[in-house]
Amino acid sequence: MLRSLIVNNSRLFIFLMPWKVVNSVKNFGPGLLFAGAAIGVSHLVQSTRAGADFGFGLLWALILVNLFKYPFFQYGPRYATATGESLIDGYRKLGKWVLLSYFVLTFLTMFTIQAAVTIVTAGLAHNLFGITSNLTIWSIIITSISIGILLLGKYKVLDHFMKIIISVLALSTVAAVLIAIFKTYHEYSFAQQIPKGATELTFLIAFLGWMPAPLDIAAWHSLWTLEKIKASPKGFSTKKALFDFNVGFLTTVFLGICFMTLGALVMYYSKEELSSSASVFAEQLINIYTSNLGKGAALFIGVAAFTTMFSTSLSTLDASPRAMARSSEILLHKKSSNFYLIWILLLAFGTIFILSYFKTSMITFVKIATILSFLTAPFYAIANFVLVKGKHMPKDKRPSIYLQILSYLGIIFLVLFSLWYLTSI
């Protein structure tokens, strides 16, 4: 009786969502943009696959990577509010070679990142709308709509809408987890596992690469923070910015655990393998929810999942060109609005070219993008840490001794795991 009551109430939890929660979410700024950009491939794909393949065996990896990446993400809003400039401007102060390295690394990774998030979004679009099964066509449609929104300056409208959708997806996910827990009769183990062999190790590194997001998002966050400062008549202090960030960061960690739990409870014992096809994977993902929440929730969940991935695709299509445009301005000592236009068009055409002419599976794109992100993470970690504890940062805004210790441990963690992977493949 109690089990039935909890299951039924959990289903109602989605549809009777308290509007106070939604309204409070609207008040957040870059922290929720961080969550919106992070809750995408890393959660919908990688965390679900981790649960489906390893059960709860990689929970240690999820917790550790979030812990050790935390300070380097936090340094984005900390530096921006303390100095009034972005991390990208700070990289130039560390030396031209640092900014050039950032420029080159971003250029080498942004196309695969965009291709990965776009192909997942295309798979969800096919599952939701049908029309055509050609994911290249869907990718062109998604990219074209995104460019139109960004160039027409309507991103703020979608950003506002995105916050509501992410709230809905979060509540839906929590409800699905609660129902899955009470509907699961298997004895699941929390025994932790160390991946063995090249295949499992490659997945681990890919899982860590975008959990909860690639580290270069810290530079994006600093740019978003500057925009928030401009748009806040009451000001946006370092204290407010860090609280805002912490809420967004903890949201991504919690949902990462939720998606791993869904994969572990719903798919681990079913022996069903997650498909490498984006469209089939999207169908499997929706089935995870509908098998727990009922068939009536399929459309609701499909829309929420697609909108979340579309928002991630849109965010990355905006953020990478914005970062490259700012880098170009600093390197060329010239300000021009054309830089953003050039980079966004280059990224869009490059993404479509990759998806059109390099026919491969969704998992391959995700694997390449996430591994590249992990292997470049030590650079961003060291650069961000050196910047916020150095002479270019006001003394009273520098990280505490505890955060500095965590930063040193985080750098060691990222470097050692990168070396472990490179020497094992």
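The paragraphs below set out a description of the structure included in this document. Values in this document were obtained by computation on a predicted structure and should not be read as measured data.

1. Looking at the overall build of the protein chain
A count of helical and extended segments in the protein chain gives 17 helices and 0 strands. Within the protein chain, the proportion of its 425 residues that are buried is 60%. Relative to all contacts within the protein chain whose residues are 6 or more apart in sequence, the contacts with residues 24 or more apart total 86%. When the accessible area of the protein chain is evaluated, it comes to approximately 17,900 Å², of which 66% is carbon and sulfur surface.

2. A closer look at the side chain of Gln114
Looking at where Gln114 falls in the secondary structure, it is placed in helix 7 (residues 96-129). Engagement of the side chain of Gln114 in a polar contact is seen with the backbone oxygen of Ser313, the distance being 3.2 Å. When near neighbours in sequence (up to four residues on either side) are disregarded, Gln114 contacts Ser313, Thr316, Leu317, Leu347 and Thr351.

3. Observations concerning the packing of helix 6 (residues 87-94) against helix 7
Packing of helix 6 against helix 7 leaves a shortest axis separation of 5 Å and a crossing angle of 135°. Considering their axes alone, helix 6 and helix 7 lie oblique with respect to each other. Contacts between helix 6 and helix 7 pair Ile88, Tyr91, Arg92 and Leu94 from the former with Lys96, Trp97, Val98, Leu99 and Tyr102 from the latter. Taken together, the residues of the contact of helix 6 with helix 7 sort by class into 7 nonpolar, no polar and 2 charged.

4. Side note on helix 8 (residues 135-151)
A rise of 1.5 Å per residue sets the reference length of helix 8, with its 17 residues, at 24 Å; its end C-alpha atoms lie 24 Å apart and thus fit the reference within 8%. Three or more residues of helix 8 are buried, namely Leu135, Thr136, Trp138, Ser139, Ile142, Thr143, Ser146, Ile147, Ile149 and Leu150. Down the axis of helix 8, the smallest arc covering the buried residues is 165°, so these residues share one side. Measuring from the side-chain oxygen of the N-cap residue of helix 8 to the backbone nitrogen of Thr136 gives 2.9 Å; that N-cap residue is Asn134.

5. Some points on empty space enclosed by the protein
Tallied over the entire structure, the rule returns 3 cavities of 30 Å³ or more. Roughly 120 Å³ of internal volume is contained in the largest cavity. Every residue lining the largest cavity is counted, 14 residues in all, and those nearest its centre are Ala37, Trp210, Pro214, Thr312 and Thr316. If you list the elements that add at least two residues to the lining of the largest cavity, you get helix 3 (30-38), helix 4 (41-54), helix 7, helix 11 (217-231) and helix 14 (298-332). Per-class residue counts for the lining of the largest cavity are 11 nonpolar, 3 polar and no charged. One number sums up the size of the second largest cavity: a volume of about 40 Å³. Surrounding the second largest cavity, Thr109, Pro214, Leu215, Asp216, Ser373, Thr376, Ala377 and Tyr380 form its lining.

6. What about the layout of surface pockets?
What the second largest pocket holds in volume is close to 410 Å³. Every residue lining the second largest pocket is counted, 16 residues in all, and those nearest its centre are Leu223, Glu227, Arg322, Arg326 and Glu329. Secondary structure elements with two or more residues in the lining of the second largest pocket: helix 11, helix 14 and helix 15 (338-357). In the lining of the second largest pocket, the residues fall into 5 nonpolar, 4 polar and 7 charged.

7. Thoughts on unusual backbone geometry
Phi at His333 is positive, roughly 55°, even though this residue is not glycine. Relative to the assigned elements, His333 resides in the loop between helix 14 and helix 15. Take His333: its relative accessible area is 68%, and that puts it in the exposed class.

8. Comments concerning the nonpolar core
Ranked by size, the top nonpolar core spans 119 residues in total, and within it Leu58, Tyr102 and Phe207 carry the most contacts. If you tally residues by element for this core, the top one is helix 7, at 15 residues. Leaving out residues up to four positions away in the same chain, Leu58 has contacts with Ala50, Gln192, Gln193, Pro195, Phe203, Leu204, Phe207 and Met260. In terms of nonpolar packing, the next biggest core, distinct from the first, is built from 11 residues, Ala52, Val177, Ala180 and Met267 among them.

Reading the values: rules and limits
- Residues numbered from 1 in each chain as written.
- Predicted model: local features only at pLDDT ≥ 70, side-chain atom pairs only at ≥ 80, totals over all residues.
- Heavy atoms only, no water.
- Helix = DSSP H or I, 4+ residues; strand = E, 2+ residues; numbered from the N terminus.
- Buried < 20%, exposed > 50% of the residue type's maximum accessible area, 1.4 Å probe, protein only.
- Contact = heavy atoms within 4.5 Å.
- Areas by Shrake-Rupley, 256 points an atom, 1.4 Å probe, with all protein chains shown as cover.
- Polar contact = N/O pair within 3.5 Å; in protein donor to acceptor, adjacent residues only side chain to side chain.
- Axes fitted to C-alpha atoms, helices over the stretch in contact; angles between N-to-C directions.
- Parallel < 35°, antiparallel > 145°, perpendicular 65-115°, else oblique.
- Nonpolar A, V, L, I, M, F, W, Y, C, P; charged D, E, K, R; others polar.
- Expected span 1.5 Å × (residues − 1).
- Arc of directions from axis to C-beta.
- 1 Å grid on protein atoms, 1.4 Å probe; cavity = no way out; pocket = protein on both sides within 12 Å on 5 of 7 lines; lining within 4 Å.
- Points joined across faces, edges and corners; volume = space filled by probe spheres on them.
- Core = buried A, V, L, I, M, F, W, Y, C linked by side-chain atoms within 4.5 Å.

These results come straight from atomic positions and should not be treated as a statement about function.
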